[in-house]
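# Structure at a glance
So you can see what is in the structure, the chains are spelled out below.
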Amino acid sequence: MSTSEIAMLDDALRAKRQSFDKIPVVDIAPLLDGSDPNKVAGEIGWALANAGFMYVKNHGIAEAVVENAFLKTKAFFNLPETEKKKLHVSRSGQTLRGYIEPFGENTDPEKTKDLKECFDIGPESEPDCPFFGANPWPDEALAPGFRDAVYLYHEEMKRLSMVILSGIARSLDLAPDFFEAKMRRPISIQRLLHYPPQTGIVDESIIGIGAHTDYGSLTILAQDDVGGLQVMNRDGQWVEGTPIPGTFVINIGDLLQRLTNDRYLANLHRVVNTSGRERYSIPFFIDADYDAEFAPLPSCISQDSPARYQAVTCGAHKFGRFVQSYPHLQKIPA
């Protein structure tokens, strides 16, 4: 391999390699089977207060479901560009479903262009407000089994997310079903991601995905074994989110930080793929009903920690963030 083919990182993109005890692995089996949910809740609370991220193991999702979703993800991104662009996200308007080409979405647009391509789906529903509507699917002859595998994964992640949210509720001394009242018809996005490898000199102007916090409530991420996820620690250092087989990476978004009045952290993260290999990941985002309100919990407000946020609705907050990243939304009259 020549020098020009080797990725050389700018100092600002170097992740510090250190123990991941600071981003713990939480065994959620006692939450799933009810044997010790409070123990799990305590571990969740520590992780979200100190890192905003955690790995979860013994999560109950069949390995075959995850493996098949990755298999179909790779096959989809290997389709001809002309076929993928027939499903372009701009054709879905405010439903925000479909294909996004490299540099078509930029999460930190003032600093970074995102070298990634995506495909997004959500729950099949009536298009009565942003984020809801029909999914665009590739032709079955071109991507056999894709629709079934990806939608099954979406439904399994939705089920797992409710378990994890029950643990988060317990960690805040709330009823385990606290979030259910906000999630009768929740916004959810199942995203498939492909990150091409980068070579040569790599700086912040072009990386896999720029530094950002997630917009909504909860993210469940499945990674392949390539690596590239970086999470900022409390010292302002970028730490590698090393893939751990059999786990998902969990992090919270802006709405849960708002709900907890900053007790829990929606942490900055990014992706830098200098592995020399194609990287694939499958994040699932779940939020709440479009009109669900998020304001600091009374239990998270005190004389020493006054309310830092006004109430917002889930849909308005999330859609406002998306408008900043999607060029086609900026052309839609307000």
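Throughout what follows, the structure given in this document is the object of discussion.

About the thresholds
Along each chain, residues carry numbers from 1 onward, in the same order as the chain's sequence is written. Only residues with pLDDT of at least 70 get local features here, since the model is predicted, and only at 80 or more are side-chain atom pairs given and counted; chain-wide, interface and lining totals rely on the full set of residues. Excluded from the side-chain calculations are hydrogens and water; all other atoms, namely the structure's heavy atoms, are used. To qualify as a helix, a DSSP run of H or I must reach at least 4 residues; to qualify as a strand, a run of E must reach at least 2; elements of each kind are numbered from the N terminus. In this description the radius of gyration comes from C-alpha coordinates, and the expected globular size is given by 2.2 Å times residues to the power 0.38. Under the scheme applied here, a residue whose accessible area is under 20% of the maximum for its type counts as buried, over 50% as exposed, and between as partly exposed, the area being computed with a 1.4 Å probe on protein chains only. A 1.4 Å probe and the Shrake-Rupley method give the accessible areas. Residues count as covered only by the protein chains that appear here. The charge count treats Lys and Arg as positive and Asp and Glu as negative. His and the chain ends do not count. Charge coordinates come from a single atom per side chain, which is NZ of Lys, CZ of Arg, CG of Asp or CD of Glu. Cavity means a closed set of points on a 1 Å grid over the protein atoms alone, one where a 1.4 Å probe fits but cannot get out, pocket means an open set with protein on both sides within 12 Å along at least 5 of 7 lines, and lining means a residue has an atom within 4 Å of a point. Grid points are joined across faces, edges and corners, and a volume is the space filled by probe spheres set on the points. Charged residues are taken to be Asp, Glu, Lys and Arg, nonpolar residues to be Ala, Val, Leu, Ile, Met, Phe, Trp, Tyr, Cys and Pro, and polar residues to be all remaining types, Gly included. Pairs were defined over the aromatic rings of Phe, Tyr and Trp, the Trp ring being its six-membered one, requiring ring centres within 6.5 Å. Orientation was assigned from the angle between planes: stacked under 30 degrees, edge-to-face over 60, tilted for the rest. Only lysine NZ and arginine CZ atoms are considered, and such an atom sits over a ring when it is within 6 Å of the ring centre and within 35 degrees of the ring normal. Paired strands, as defined in this entry, are two strands with at least two bridges between them according to DSSP.

### Some points on the overall build of the protein
On a plain count of helices and strands, the protein comes out with eight helices and 18 strands. Taking 334 residues into account, the globule formula puts the C-alpha radius of gyration at 20 Å, and the protein, at 19 Å, falls close to it. Across the 334 residues that make up the protein, the buried fraction comes to 54%. Of the roughly 14800 Å² of accessible surface on the protein, 51% is carried by carbon and sulfur atoms. For the protein, the distance from the average site of its 34 positive side-chain charges to the average site of its 45 negative ones is 2 Å.

### What to know about the layout of surface pockets
Which parts of space are left empty comes out when a probe the size of a water molecule is rolled across the atoms. For the largest pocket, the calculated volume is near 460 Å³. Forming the walls of the largest pocket are 20 residues, and the residues nearest its centre are Val 66, Gln 223, Pro 245, Gly 246 and Thr 247. For the lining of the largest pocket, the elements supplying multiple residues, two or more each, are helix 3 (63–77), strand 11 (218–223) and strand 14 (248–252). If one sorts the elements of the lining of the largest pocket by residue count, helix 3 sits on top with five residues. Classifying every residue of the lining of the largest pocket gives eleven nonpolar, four polar and five charged.

### Details of the packing of aromatic side chains
Centre-to-centre distance and the angle between the planes together describe a pair of aromatic rings. A full pass over the atoms with the stated rule returns eleven aromatic pairs. Judged by centre distance (5.2 Å) and plane angle (25 degrees), the rings of Phe 76 and Phe 146 are stacked. Residue Phe 76 is found in helix 3, and its partner Phe 146 is found in helix 5 (residues 146–171); the two are separated by 70 residues along the sequence. We classify Phe 146 as buried; its relative accessible area is 1%. Taken together, a centroid distance of 5.1 Å and an interplanar angle of 85 degrees make the contact between Phe 178 and Phe 179 edge-to-face. For Phe 179, a relative accessible area of 4% gives the class buried. Feature note: the residues Phe 76, Phe 77, Tyr 99, Phe 119, Trp 137, Phe 146 and Tyr 151 constitute an aromatic cluster, connected by ring pairs. Looking at Arg 270, its charged tip hangs above the ring of Trp 238, at a distance of 4.0 Å from the centre. Its guanidinium or amino end placed over the ring of Phe 131, Lys 318 lies 6.0 Å from that ring's centre, counting from NZ or CZ.

### Section: the pairing of strand 14
Burial analysis of strand 14 places five of its five residues in the buried class, which makes it a mostly covered element. Every second residue of strand 14 is oriented toward a common face, with Phe 248, Ile 250 and Ile 252 on one face and Val 249 and Asn 251 on the other, all of them buried. The sheet contact formed by strand 3 (residues 53–57) and strand 14 spans four bridges and is antiparallel. Bridging from a neighbouring strand, Tyr 55 pairs with Val 249 of strand 14. Examined bridge by bridge, strand 11 and strand 14 share four bridges and lie antiparallel to one another. Its bridge partner lying in strand 14, Leu 218 is registered against Ile 252.

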